[in-house]
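Chain by chain, the residues run as shown.
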Amino acid sequence: MHFKLLLEGYSLTTAEILYRMPDYHSLIQTFIWQELDLHPEFPKLHSFLEFWERDLDGPLYKVTVAHSKLIKPAEIRIADIIH
C-alpha cells in the first residue's frame, strides 16, 4: 500500500506542531506528526489539524512542515569497463 502511494506522488511529511497548554497558555508544547501525504496540498495534515482544532483543547501556536519524496528519479551512470 505504501509503495503505491509513493508512486502516486505522496511523500514523507513531518509537521512540528507547537501548541499552547490548555490550562497554562504561556507554556508551549511540541507535537511531531509524520505521515505519507500529498505535496503541496497535504490533505492528511489538514485533516489532522482540523481534528486538533475541533476536538482538542490545546490551541495551535505554529506548524512547520517538511517533506521528502522517497522515490526519486534514478541517478544513472554509464560505466565503461574494459577487460
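It should be noted that the structure appears before, not after, this text.
Here's what I pulled together on the structure shown here. Not measured: the values here are computed from a predicted model. (Residues numbered from 1 in each chain as written. Predicted model: local features only at pLDDT ≥ 70, side-chain atom pairs only at ≥ 80, totals over all residues. Heavy atoms only, no water.)

Focus on the side chain of Asp37
Then, number 1: Among the structural elements, Asp37 can be located in strand β2 (residues 28–38).
Then, number 2: For the buried Asp37, no salt bridge is present, and the opposite-charge side chain at shortest range is Lys44, 6.1 Å distant.
Then, number 3: Only 3.1 Å separates the side chain of Asp37 from the backbone nitrogen of Lys44, close enough to count as a polar contact.
Then, number 4: At a separation of 2.8 Å, a polar atom in the side chain of Asp37 contacts the main-chain amide nitrogen of Leu45.
Then, number 5: The residues contacting Asp37, other than those within four sequence positions of it, are Tyr10, Ser11, Thr13, Phe42, Pro43, Lys44 and Leu45. (Helix = DSSP H or I, 4+ residues; strand = E, 2+ residues; numbered from the N terminus. Buried < 20%, exposed > 50% of the residue type's maximum accessible area, 1.4 Å probe, protein only. Lys, Arg positive; Asp, Glu negative; His and termini not counted. Salt bridge = Lys/Arg side-chain N within 4 Å of Asp/Glu carboxyl O. Polar contact = N/O pair within 3.5 Å; in protein donor to acceptor, adjacent residues only side chain to side chain. Contact = heavy atoms within 4.5 Å.)

Things to note about the packing of aromatic side chains
Then, number 1: Enumeration according to the criterion identifies six aromatic pairs in this entry.
Then, number 2: Both rings, one in Tyr19 and one in Trp52, keep their centres 4.9 Å apart while their planes meet at 65°; by these two values the pair is edge-to-face. Taken together, the residues span a long stretch of sequence, with Tyr19 in strand β1 (residues 10–20) and Trp52 in helix α2 (residues 43–55) at a distance of 33 residues.
Then, number 3: Every member of this aromatic cluster is reached through a ring pair, and the members are Tyr19, Phe31, Trp33, Phe48, Phe51 and Trp52. (Phe/Tyr/Trp six-rings, centres within 6.5 Å; stacked < 30°, edge-to-face > 60°.)

Looking at the pattern of salt bridges
Then, number 1: This model, assessed by the stated rule, comprises three salt bridges.
Then, number 2: Here Lys44 and Glu35 are joined by a salt bridge, their closest N and O atoms 3.8 Å apart.
Then, number 3: Using a relative accessible area of 33% as the deciding quantity, one classes Lys44 as partly exposed.
Then, number 4: Linking Arg54 and Asp55 is a salt bridge whose minimum nitrogen-to-oxygen distance equals 3.5 Å.

Let's talk about the sheet that holds β1
Then, number 1: Taken in spatial order, the three strands of this open sheet run β2-β1-β3, and their pairing is antiparallel. Bordering the open sheet on either side are β2 and β3 (60–68), each of which pairs with just one other strand. Within the sheet, the average angular offset between the axes of one strand and its neighbour, ignoring direction, is 20°.
Then, number 2: In terms of strand pairing, β1 meets β3 through eight bridges, oriented antiparallel. Residue pairing across strands places Ala15 opposite Val65, the latter belonging to β3. (Pairing = 2+ DSSP bridges. Axes fitted to C-alpha atoms, helices over the stretch in contact; angles between N-to-C directions.)

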